[in-house]
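# Observations on the three-dimensional arrangement
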Amino acid sequence: MLRITKSHWAPLAGAARAKSTTAQPTTTGDEYQYLQRSKIPMLHFQPSLPRLPIPELEKTCTRYLAAQEPLLAPEAFERTKTAVKQFAAGDGPKLQALLKEFDAQNKHTSYISEPWFDMYLRDRAPLPLNYNPLLMMNPDPRPEYNDQLLRTTNLIVSSLRFMKSLRARVLEPEVFHMNPAKSDTPMFRTVTSMMPSFISTYVAYAFKAFPLDMSQYQGLFGGTRIPELGKDRIYRSDSSRHVLVLRKGNMYAVDVLDEVGNIEQPATLLARFERILNDTKPPAADPLGLLTTENRDRWAAARSHLAQLGNNAKSLELVDSALFCVCLDDSTIIPDNPIPAIRNFLFGDGTNRWFDKSFSLIVAKDGTAGINFEHSWGDGVAVLRYFQEIFKETTTAPFAQPGLKGSDPGASSNPIVPIDFTLDEQVRGAVRAAENHHNTVIDSLDMNYMKFEGINKSVCKKQRISPDSVMQLGFQLAFYKQHGRFVATYESCSTAAFRHGRTETMRPCTLATREFCEEIARGDGPKKKSLAELRELMNKCSTVHGQLTKEAAMGQGFDRHLFGLRHTAQKNGLPLPALYEDPAYGAINHNILSTSTLSSPALLAGGFGPVVQDGYGIGYNIQDAYLGSVVTSYKPHRNGREFVDCLREAYEDITKVLTTGSSKPSKEK
């Protein structure tokens, strides 16, 4: 099951951006209120985005078997082939027809959108580790801008500028440029903006530019996931003027927009956050944020009771309607050891978080910043766009400068309101229980970090091989070194090129990767392959990986299709086909290796929890100088330290083959 999304569109998505300036930015008029004033209307391409295709049933069956074969023993694979054959000839066509009928009746969206939302909101698992991922931001290259108060002020100003551009629909459309030099140009903007919306996407294709779905962006601001028994709901407000601020578990509603909706001045915002940082109030005795770490039904019951006490319903409304959450922490990052900071930003002790908010902007005492976001409302594309925009602006053209003095002319109107709650013993007991549950989980979580400098983007480019295929091959080889077998592996791929596309699963464990791993592990026996032969196998791995990636990005994977067919059977009260009862189906969806990457110069590290108790959660990326992985696992079910040691050894093996194997390099980039 998905926990964090990886977009293969992400590296260049949104390359069309307003140019930054090194001059002192103005704080008056629209130049201050809006991050961008796009020539192309933000949703110009939306009406002409193609619809997410429903794959042909026969192709889905073929792809499913291809993904199962490297995981199964011959006898088990024969049983699965029989189940698939029966499905293709029996229940499959009927379910396919019903799914297509549903799709035809809902042309405004995609066939996966409704069941995917439903899946998220019905899951009762706690949000931290199970769902909420983390993106940790690189520090500002200028040390003086990493002051906690100054960086918070700048990040909030840029966040509000992004929000106002989004709500006014003047944000640049999200576009993936195959060749930015030819399409990320004034001509592209002029031509496509002149085209009617119903054909504009196809005109963009002529430039080899691919507009992406932006329907999820509305969930970024003013949103909260409300716990309810059985199924949560998403609450959204578009009229609030405040952010929710947490400091030492205490909660505040801080106005950041004035009465007419304009962004307050940098000096005003700095003054307000300075007041909170200087507040001498002791840490909250019963930090209610801990309740958002709970099982969703337990939290729903506790919240229902909480809302009935005193003025708590109004206090909860202030929390739910806030534009976003700001967590001001006392932690600092340790040089050369990001693990403690990643742990704190990903889940922490739960006392200074409200995990239900659409996203939380976390700023530590040393200015280290990150985004922790709730996942049901959207995937990584929208969050990464926001993340990159605010990093770029705050590090190139920040509105608050060192030495700025706070000045709040509106202080008499109470722009900072402490959010207080009436508590009884039942609520206090729920907080203590949540704390115990959360501590039990996080105490069992192991987190390890690996930085490998033998392979980087330039090495892969020189060898003309896909960096992502190299990284994924390392994960397969590491697990094989550790356990001597191959397991279900999940890599998320965005389908944002389609209207209301979400994600598709890419299955990196293939017959090609299995063959390579087995040959590497063979040792120095008489049948050992040469480095040149191993390089040929690696090229094959990259080629297969590239094909699977393209299929997934074009909505031609098998996972979402089978999910949709299963949901169709359940919705129509039909018996579940035998394919879904096959142990192999359960096994391939028990993702031992859950992997995700985001490529961005703004990103210091990304992390998320394992999706199954005996699995690994692997957040990874290839930088210009190294490749890195943050690996999470639960003790005693997996040995994360040993896996990372095997991973380093795997990349040493791969480096040897990659750099010394004499073979024609793969054309896959």
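Residues numbered from 1 in each chain as written. Predicted model: local features only at pLDDT ≥ 70, side-chain atom pairs only at ≥ 80, totals over all residues. Heavy atoms only, no water.

## Some words on the overall build of the chain
Assigned secondary structure in the chain consists of 23 helices and 18 strands. The C-alpha atoms of the chain give a radius of gyration of 25 Å, which matches the 26 Å a tight globule of 669 residues would have. Taken along its principal axes, the extent of the C-alpha atoms in the chain is 80 × 60 × 55 Å. Across the 669 residues of the chain, 61% fall into the buried class. For the chain, long-range pairs separated by at least 24 residues make up 80% of all intrachain contacts whose partners lie at least 6 apart in sequence. For the chain, the distance from the average site of its 78 positive side-chain charges to the average site of its 73 negative ones is 5 Å. (Helix = DSSP H or I, 4+ residues; strand = E, 2+ residues; numbered from the N terminus. Rg over C-alpha atoms; globule rule 2.2 N^0.38 Å. Buried < 20%, exposed > 50% of the residue type's maximum accessible area, 1.4 Å probe, protein only. Contact = heavy atoms within 4.5 Å. Lys, Arg positive; Asp, Glu negative; His and termini not counted. Charge placed at Lys NZ, Arg CZ, Asp CG, Glu CD.)

## Concerning the UniProt feature "active site" (unreviewed entry) in the chain
Under the local residue numbering, the UniProt record ascribes the feature "active site" (unreviewed entry) to His375. Inspection of the secondary structure puts His375 in the loop between strand 10 (369-373) and helix 14 (380-396). (UniProt positions renumbered as here; feature names shortened; annotations may be inferred.)

## Topic: the packing of aromatic side chains
Here the structure, examined in full by the defined rule, presents 24 aromatic pairs. For the ring pair Phe188 and Phe207, a centre distance of 5.2 Å and an interplane angle of 80° mean the geometry is edge-to-face. Placement of Phe188 in helix 8 (residues 186-194) and of Phe207 in the loop between helix 9 (197-206) and strand 3 (209-211) is noted, with a sequence separation of 19 residues between them. One aromatic cluster in this structure is built from Tyr64, Phe87, Phe558, Tyr580 and Tyr585. (Phe/Tyr/Trp six-rings, centres within 6.5 Å; stacked < 30°, edge-to-face > 60°.)

## Structural notes on the sheet that holds strand 14 (residues 503-506)
Neighbouring strands of a sheet are bound in pairs by backbone hydrogen bonds; such pairs are parallel or else antiparallel. The strand order across the open sheet formed by six strands is 12-18-17-15-13-14, and the pairing between neighbours is mixed. Each edge of the open sheet carries a strand with a single partner, namely strand 12 (445-452) and strand 14. On average, each strand axis in the sheet is inclined to that of its neighbour by 25°, with strand direction left out of account. With five bridges joining them, strand 15 (residues 593-597) and strand 17 (residues 616-622) adopt parallel strand pairing. Residue Thr597 lies in a different strand from strand 17, and its bridge partner there is Tyr620. (Pairing = 2+ DSSP bridges. Axes fitted to C-alpha atoms, helices over the stretch in contact; angles between N-to-C directions.)

## Examining the pairing of strand 13 (residues 489-494)
When you tally the buried positions in strand 13, you get six out of six residues, the bulk of the element. Pairing analysis gives three bridges linking strand 13 to strand 15, with the strands arranged parallel. Opposite Glu491, over in strand 15, you have Thr595 as the bridge partner.

## Let's talk about the packing of helix 19 (residues 531-553) against helix 23 (residues 640-660)
When two helices pack together, their arrangement is captured by the angle between the axes and the distance separating the axes. Remark: helix 19 packs on helix 23, axes separated minimally by 9 Å, with the N-to-C direction vectors making an angle of 100°. On the basis of the axis angle, helix 19 is roughly perpendicular to helix 23. Here helix 19 contributes Leu531, Leu534, Arg535 and Met538 to the contact with helix 23, which in turn contributes Ile654, Lys656, Val657, Leu658 and Thr660. (Parallel < 35°, antiparallel > 145°, perpendicular 65-115°, else oblique.)

## Some remarks on unusual backbone geometry
Put simply, Lys635 and Pro636 share a cis peptide bond, and its omega is 0°. Counting through the fold element by element, Pro636 comes out in the loop between strand 18 (627-634) and helix 23. Phi is positive for Asn414, close to 55°, though the residue is something other than glycine. Position of Asn414 among the secondary structure elements: in the loop between helix 14 and strand 11 (416-418). Despite not being glycine, Arg464 shows a phi value in the positive range, around 55°. Its location among the elements puts Arg464 in the loop between helix 16 (457-463) and helix 17 (467-483).

## What to know about helix 18 (residues 511-521)
Turn by turn, an α-helix covers 3.6 residues, leaving residues three or four places apart pointing in a common direction. Of the positions making up helix 18, those classed as buried are Ala512, Thr513, Phe516, Cys517, Glu519 and Ile520. Along the axis of helix 18, the buried positions cluster into a sector of 165°, meaning they face one direction only. Looking one or two places after helix 18, you find Gly523, whose phi comes out positive at around 80°. (Arc of directions from axis to C-beta.)

## Some words on helix 17
The end-to-end C-alpha distance of helix 17 is 25 Å, a good match for the 24 Å that 17 residues give at a rise of 1.5 Å each. Burial runs high along helix 17: 14 of the 17 residues are buried. Downstream of helix 17 by one or two residues, Gly484 has phi in the positive range, about 70°. (Expected span 1.5 Å × (residues − 1).)

## A word on the sheet that holds strand 7 (residues 250-255)
Pairing in this open sheet of eight strands is mixed, and the strands run 11-7-6-8-9-10-1-16 from one edge to the other. Only two strands of the sheet have a single neighbouring strand rather than two, namely strand 11 and strand 16 (603-607). With strand direction ignored, the average angle separating the axes of adjacent strands in the sheet is 20°. Inspection of the sheet shows strand 1 (residues 134-137) paired to strand 16 by four bridges, in the antiparallel sense. Opposite Leu135, over in strand 16, you have Gly606 as the bridge partner. Packing against the sheet, helix 6 (residues 148-167) makes contact with strand 1, strand 8 (325-328), strand 9 (359-363) and strand 10, and its axis sits at approximately 150° to strand 9.

## Some thoughts on the environment of His500
Mapped onto the elements of the fold, His500 is located in the loop between strand 13 and strand 14. Sequence spacing of His500 and Arg638 is 138 residues, and the spatial spacing of their C-alpha atoms is 36 Å. In this structure, His500 is in contact with His108, Thr109, Ser110, Ser113, Asp213 and Ser215, ignoring residues within four places of it in sequence. At a separation of 2.7 Å, a polar atom in the side chain of His500 contacts the side chain of Thr109. (Polar contact = N/O pair within 3.5 Å; in protein donor to acceptor, adjacent residues only side chain to side chain.)

## Some thoughts on the pattern of salt bridges
Evaluation of the coordinates by the stated rule reveals 35 salt bridges. Residue Arg142 pairs with Asp140 through a salt bridge whose shortest N-O separation is 3.0 Å. Classification of Asp140 by relative accessible area gives buried; the value is 4%. Bridged by salt links that share partners, the residues Arg124, Arg225, Asp232, Arg296, Asp297, Asp356 and Glu374 form one connected network. (Salt bridge = Lys/Arg side-chain N within 4 Å of Asp/Glu carboxyl O.)

## Focus: the state of the cysteines
As used in these notes, a disulfide is a covalent bond between sulfur atoms, one from each of two cysteines. On inspection of all chains with the given rule, the structure shows zero disulfides. A disulfide-free cysteine, Cys509 has its sulfur positioned 7.7 Å from the sulfur of Cys517, the nearest such atom. (Disulfide = S-S within 2.5 Å.)

## A look at the side chain of Ser494
Note that Ser494 resides in strand 13. Owing to a relative accessible area of 4%, Ser494 belongs among the buried residues under this scheme.

## Examining the pairing of strand 17
For strand 17, the tally of buried residues reaches seven of seven residues, placing the bulk of the element in the interior. Burial along strand 17 is two-sided: Tyr616, Ile618, Tyr620 and Ile622 and Gly617, Gly619 and Asn621, pointing in opposite directions, are all buried. Examined bridge by bridge, strand 17 and strand 18 share seven bridges and lie antiparallel to one another. Along strand 18, the bridge assignment pairs Ile622 with Leu627.

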